[in-house]
Each structure stands twice: as structure tokens, then as C-alpha cells.
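Notes for the structure review
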Amino acid sequence: MSDPKHPVPGDQSIDITDLKLTDITPEQAQKLTKPHNGIEKAVANILQSDPEARKRAGVTGDVIEELTVLWATYQRVEEVLPAVEKLAELVKETRQVSGHEIALRIGEIANQIRRRADRSVNAGEVLAPFEALFDYQFGPAIKAAATKEKAKASKGDPTEQSPEASP
């Protein structure tokens, strides 16, 4: 593991408290000018230019200071971005695997409860406390089966067809 201030992809501790992060809307992002290849050379050309050349060109010291700060921020973001993206990927994949494991356990538990209820004299007492569990676990399948039955019934039932549709 590397220094949290200078993370590498795979690090789980990233310190970017030195960056002032900006939150913008997708609409605002679409309107932004995107830097393209060669930006490094262009910035270096300006920052390393002779003060006399800058003066002749009308580039003030304030503009140079502002560009220096912006460029440092841009470079810092470029440094940490791969590690931040990898960390976000790891977090999402961990959520995905955890969700999968939870779904498996829920399925096992729901089936266990149903088996226990099938063998019980008072099945309702076994099942009733777990109504939300059964709605979650078996609801989509029940709904899909009902939809299939409805579709099958409407295709096979000649009374459902209008007289205009018949040849």
C-alpha cells in the first residue's frame, strides 16, 4: 500500500482533502471545454516562457499565478483519479457480491421456512411473521407466472378476438 496522499489503484485509503472538489450537473458538464492531447506542452510553454516575452504578449503575472494553481490542481486530480476510480469499482463490486450473497441466504431461509411450514400443524404461525420475506423472494415469480397465464389465456381464447380481426 502506498501513501494515502499519493495513492495507486487498489489502495483502500485515499486522502484527497487537499483538493477542493467541484460538483456539477450533467448539463453543466456538457458545456465544458475538454482538454485534448498536448495540453501539457501548452501549459509548460506558457509557464516556462520568458517574463519579457509574456510582458510583450500582454500575459500578466496574475494570469500566470492563476494558471499555475489550476495546473497543479489538474495534475493532482490526474494523479489520484486512477486510484479513486479503482476504489469506486471495488466498492461497487463488493456491493454486488454482498448483494448476491444476501440474495442466496434469503432464498435459503425462505425455502427453509416454507419446508418447515409444510411439515407444521400450524403452517400459518410459521409463515405469517415472514410475509415481507416471501413478498420479496417469491413475489416477482408469482407476478411473472400470472402474466404468462394471462398472455396464454388471451391468445387461446377466441372470445377475446374482435370480429374484425377474424378472416
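The numbering scheme is per chain: residues are counted from 1 as the chain's sequence reads. Local features in a predicted model are, by the rule used here, given only for residues with pLDDT of at least 70; side-chain atom pairs are given and counted only at 80 or more, and totals for whole chains, interfaces and linings are based on all residues. With hydrogens and water stripped out, all remaining heavy atoms of the structure feed into the side-chain values.

**Section: the nonpolar core**
Among the nonpolar cores identified, the biggest contains seven residues, and these are Ala110, Ile113, Ala117, Val126, Leu133, Phe134 and Phe138. Going along the chain from the N terminus, every DSSP run of H or I of four or more residues is numbered as a helix, and every run of E of two or more is numbered as a strand. The set of elements that each furnish at least two residues to this core consists of helix 4 (61-119) and helix 6 (131-156). Among buried residues, the Ala, Val, Leu, Ile, Met, Phe, Trp, Tyr and Cys ones that are joined through side-chain atoms within 4.5 Å form a nonpolar core. Relative accessible area decides the class of each residue, using a 1.4 Å probe on protein chains only: under 20% of the type maximum gives buried, over 50% gives exposed, and in between gives partly exposed.

**Points about helix 4**
The end-to-end C-alpha distance of helix 4 is 85 Å, a good match for the 87 Å that 59 residues give at a rise of 1.5 Å each. Maximum bend of helix 4: about 40°, positioned at valine 80, with proline proline 82 one to four residues after it. Regarding helix 4, the residues found buried are Ile64, Trp71, Arg76, Val80, Ala83, Gly107, Ala110, Ile113 and Ala117. Take the number of residues in a helix, subtract one, and multiply by 1.5 Å to get its expected span. Working definition for bend: take the seven residues up to and ending at a residue and the seven starting at it, fit an axis to each, and measure the angle between the axes.

**What to know about the environment of serine 154**
Inspection of the secondary structure puts serine 154 in helix 6. Whenever two N or O atoms come within 3.5 Å, that pair is a polar contact, provided that in protein one can donate a hydrogen and the other can accept it, and provided that, for residues adjacent in sequence, both atoms are side-chain atoms. A polar contact is formed between the side chain of serine 154 and the backbone oxygen of alanine 151, at a distance of 3.0 Å.

**So, the packing of helix 2 (residues 39-47) against helix 4**
For helices, the axis comes from a line fit to the C-alpha atoms of the stretch in contact; other axes are also lines fit to C-alpha atoms, and the angle between any two N-to-C directions lies between 0 and 180 degrees. One can describe the packing of helix 2 onto helix 4 by two numbers: an axis separation of 10 Å at closest approach and a directional angle of 145°. Every pair of crossing elements has a handedness; the one defined by helix 2 and helix 4 is left-handed. Each of Ile39, Glu40, Val43, Ile46 and Leu47 in helix 2 lies in contact with helix 4, whose residues at this interface are Ile64, Leu67, Thr68 and Trp71. When its residues are assigned to classes, the contact of helix 2 with helix 4 shows seven nonpolar, one polar and one charged. Crossings are classed by handedness, with left-handed meaning an anticlockwise turn of the near helix from the far one by less than a right angle and right-handed meaning a clockwise turn. Any two residues whose heavy atoms approach within 4.5 Å at even a single point are treated as in contact. Each residue gets one of three labels, nonpolar for Ala, Val, Leu, Ile, Met, Phe, Trp, Tyr, Cys and Pro, charged for Asp, Glu, Lys and Arg, and polar for the others, Gly among them.

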